[in-house]
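A closer look at the structure
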Amino acid sequence: MGVSNRRTFLRTGLFSGAWLAAAGCSGGQTGADRSSSAGPELSRTVPFLDEEDVPLEQAFGHGLDGRLFTDLSGLSAESLAIPTERFFVRTRRPDLLDDSAPWTLRARGLVKEPREIPLSTLEPLVQPAGFHVMECSGNTSGGHFGLLSAASWSGVPLTGVLDMLQPLRGASRVLISGFDEHSAPSRHRSVAGASWIFTPEQLRDANAFLATAMNDAPLTSDHGAPVRLVVPGWYGCVNVKWVDRIEWVDDNAPATPQMREFAERTHQSGIPHLARDYRPAALEQAAMAVRVERPSAGTGGAYRVTGVTWGGKLETERLMIRFRPDEAYLPVRVAPPSAGATGWALWTCDWRPAASGVYALQLRFQDPNIAQRRLDTGHYTRYVQL
Ligand SMILES: Nc1nc2c(c(=O)[nH]1)N[C@H]1C(S)=C(S)[C@@H](COP(=O)(O)O)O[C@H]1N2
Ligand SMILES: [Mo]
């Protein structure tokens, strides 16, 4: 049976009333402690069903089709920051990139005077920029949801750079563009030419910055060296790598090819022609399981489910899980984020399934005010067979 048939079967056939017994998280508090002190015992991990067999933690492919999927299955309180060599990659260093000469940013568009800004002149402005989650809007079960990582960053606040450019009247938006010339076109229809248009208010409110370092070391080539954009709280597709152009534009600026390519994945309505008709590509609140561990001695037969929650404003208290579509949602225990780890927290659930079978692990926030489209649609649902 093919993957899609099997998935349909899992979603419809197996859930029709075969196991109606209740299952749920136990109420004890020991669980979150156990996961933070002892760390995961991955030898007892139950594999997720129906997720493609892609290599994890290993960069492969070239240019626009180059990827590195992060393995999140071992996530623990001590490892919330993803080391750079394991941080996901979507598009590897363009082979036509010349980063041997000193790097300059071209300031263009509705500015008093076009300028070349040597990156070296911005270096004195580099400061710590905080711990942030990054997720590709195309993060799916096909890559074990491994286009998702978190790290601490340093960079130059963008607002300062924009002021230096002396925008003219009518300049209301900012186009940020990166080097994206690859000798081979994408085989997966990824469009070359990374650029996104923002209002200055969006960039200011999100504390956007031009990153030069992650995890206390200079950026690596695959992550956009020597300089990339980071807009905290927005999808990765706006985080242009190898930034080489900043352009003030007006309200009638057309959307960039990149904006159009990612319109659906960033939850736009249709594919708007004008940049001003795009909503912020913000990550709504989300959560998923990262591992299910079989019962071990002293747990009274409970499976330990561990997961992560990120995005939105992280109203973590009301996070709930269910294991089958016909069961009620039950609250999980959310571990407090470690210092500075905003928007990225672990949760656990001790689960005593009533019978063997296939289960669908789906999370949601019990709060009508929390936008959670990708949880509503089951985007992050993961399946196990016990
Ligand atoms: N120049 C350039 N920047 C880019 C891209 C690209 O293809 N070219 N991909 C974007 C997408 S879709 C994502 S998800 C992030 C991924 O950043 P990372 O590879 O450092 O994790 O980079 C963004 N920046
Ligand atoms: Mo992406």
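Reading guide: rules and limits
Residues numbered from 1 in each chain as written. Chains lettered and ligands numbered in written order. Predicted model: local features only at pLDDT ≥ 70, side-chain atom pairs only at ≥ 80, totals over all residues. Heavy atoms only, no water. Helix = DSSP H or I, 4+ residues; strand = E, 2+ residues; numbered from the N terminus. Buried < 20%, exposed > 50% of the residue type's maximum accessible area, 1.4 Å probe, protein only. Contact = heavy atoms within 4.5 Å. Areas by Shrake-Rupley, 256 points an atom, 1.4 Å probe, with all protein chains shown as cover. Phe/Tyr/Trp six-rings, centres within 6.5 Å; stacked < 30°, edge-to-face > 60°. Lys NZ or Arg CZ within 6 Å of the ring centre and 35° of its normal. Pairing = 2+ DSSP bridges. Near = heavy atom within 4 Å. Polar contact = N/O pair within 3.5 Å; in protein donor to acceptor, adjacent residues only side chain to side chain. Nonpolar A, V, L, I, M, F, W, Y, C, P; charged D, E, K, R; others polar. Salt bridge = Lys/Arg side-chain N within 4 Å of Asp/Glu carboxyl O. pLDDT = per-residue confidence, 0-100. Axes fitted to C-alpha atoms, helices over the stretch in contact; angles between N-to-C directions. Lys, Arg positive; Asp, Glu negative; His and termini not counted.

Each helix and strand counted, the protein chain has seven helices and 20 strands in total. Sorting the 386 residues of the protein chain into buried and exposed places 53% on the buried side. Sequence-distant contacts, at least 24 apart, represent 71% of the contacts inside the protein chain between residues at least 6 apart. When the accessible surface of the protein chain is split by element, carbon and sulfur atoms take 52% of a total near 16900 Å².

What follows deals with the packing of aromatic side chains. Centre-to-centre distance and the angle between the planes together describe a pair of aromatic rings. Taken as a whole and judged by the stated rule, the model has 10 aromatic pairs. Measuring from centroid to centroid gives 5.9 Å for Phe-87 and Trp-153, while their planes differ by 90°, and the two rings are edge-to-face. Of this pair, Phe-87 sits in the loop between β1 (67-68) and β2 (89-90) while Trp-153 is found in strand β6 (residues 148-157), placing the two residues 66 residues apart along the sequence. The pair Phe-87 / Trp-153 is uniform in exposure class, with both members buried. Between Tyr-303 and Trp-351 the ring centres are 5.9 Å apart and the planes differ by 55°, which places this aromatic pair in the tilted class. Placement of the pair is Tyr-303 in strand β14 (residues 303-310) and Trp-351 in strand β18 (residues 344-351), with a sequence separation of 48 residues. For the cation-ring pair, Arg-364 lies above Tyr-329, with the distance from its terminal atom to the ring centre recorded as 5.8 Å.

The element strand β19 (residues 358-365) is extensively covered by neighbouring structure, given that seven of its eight residues are classed as buried. Both strand β15 (residues 319-322) and β19 contribute to a ladder of four bridges, which runs antiparallel. Across the sheet, the residue bridging to Ile-321 is Leu-363, located in β19. Summarising the sheet, β19 and strand β20 (residues 382-385) pair through four bridges and their orientation is antiparallel. Looking across to β20, one finds that Ala-360 is bridged to Tyr-383.

So, about the sheet that holds β19. The strand order β16-β15-β19-β20 describes an open sheet built from four strands, whose pairing is antiparallel. Single-partner strands in this sheet number two, and they are β16 (330-331) and β20.

On to the site of ligand 1. In the neighbourhood of ligand 1, 20 residues make up the surrounding shell, with Phe-88, Arg-90, Thr-91, Arg-228 and Lys-241 lying closest. Phe-88 has a polar backbone atom sitting 2.7 Å from an oxygen atom of ligand 1. Within the side chain of Asp-180, one N or O atom sits 2.9 Å away from a nitrogen atom of ligand 1. Split by residue class, the shell around ligand 1 holds 12 nonpolar, four polar and four charged.

Right, let's get into the pattern of salt bridges. Scanning all chains against the criterion turns up 17 salt bridges. Between Arg-204 and Asp-205 there is a salt bridge, and its shortest N-O distance comes to 3.3 Å. Look at Asp-205 and you get exposed, because its relative accessible area is 56%. Salt bridges sharing common partners tie together Arg-90, Glu-261 and Arg-265.

Looking at where Tyr-380 falls in the secondary structure, it is placed in the loop between α7 (373-376) and β20. A residue is classified by how much of its surface remains accessible, and Tyr-380, at 3% relative accessible area, is buried. Distance from Tyr-380 to Met-288, taken between C-alpha atoms, is 5.7 Å for residues 92 residues apart in sequence. Those residues within four positions of Tyr-380 in sequence are excluded, and the remaining contacts are Glu-135, Asn-139, Phe-145, Ala-286, Ala-287, Met-288, Trp-310, Leu-361, Arg-374 and Leu-375. A distance of 2.6 Å separates a polar atom in the side chain of Tyr-380 from a polar atom in the side chain of Glu-135.

What follows deals with the confidence of the model for the protein chain. Averaged over every residue, the pLDDT of the protein chain is 87; residues scoring 70 or more account for 86%. Low pLDDT, under 50, characterises residues 1-22; the predicted model gives this stretch 35 contacts beyond four residues in sequence or across chains. Every residue in residues 27-37 is under pLDDT 50, and counting partners more than four places away or in other chains gives 17 contacts.

This next bit is on the sheet that holds strand β8 (residues 195-198). Taken together, the five strands give an open sheet; going across it, the order is β4-β3-β12-β7-β8, and neighbouring strands pair in mixed fashion. For this open sheet the edge positions go to β4 (115-118) and β8, each flanked by a neighbour on one side alone. Taking the axes of each pair of neighbouring strands and ignoring which way they run, one obtains an average angle of 20° across the sheet. Bridge count between strand β7 (residues 173-178) and β8: four bridges; the pairing is antiparallel.

This part is about the side chain of Arg-322. Tracing the backbone through its elements, the reader meets Arg-322 in strand β15. Within the buried core, Arg-322 has no salt-bridge partner, and the shortest N-O distance to an opposite charge, that of Asp-326, equals 7.7 Å. At a separation of 3.5 Å, a polar atom in the side chain of Arg-322 contacts the main-chain carbonyl oxygen of Pro-325. Apart from the residues lying within four places of it in its own chain, the contact partners of Arg-322 are Glu-327, Ala-328, Tyr-329, Ala-360, Leu-361 and Gln-362.

Glancing now at the side chain of Gln-372. Following the sequence through the fold, Gln-372 ends up in the loop between β19 and α7. Judged by relative accessible area, Gln-372 falls into the buried class, the value being 4%. A polar contact of 2.8 Å, which involves the side chain of Gln-372, links it to the backbone nitrogen of Phe-365. If we skip the residues at most four places from it in the chain, Gln-372 touches Glu-284, Gln-285, Arg-364, Phe-365 and Asp-367.

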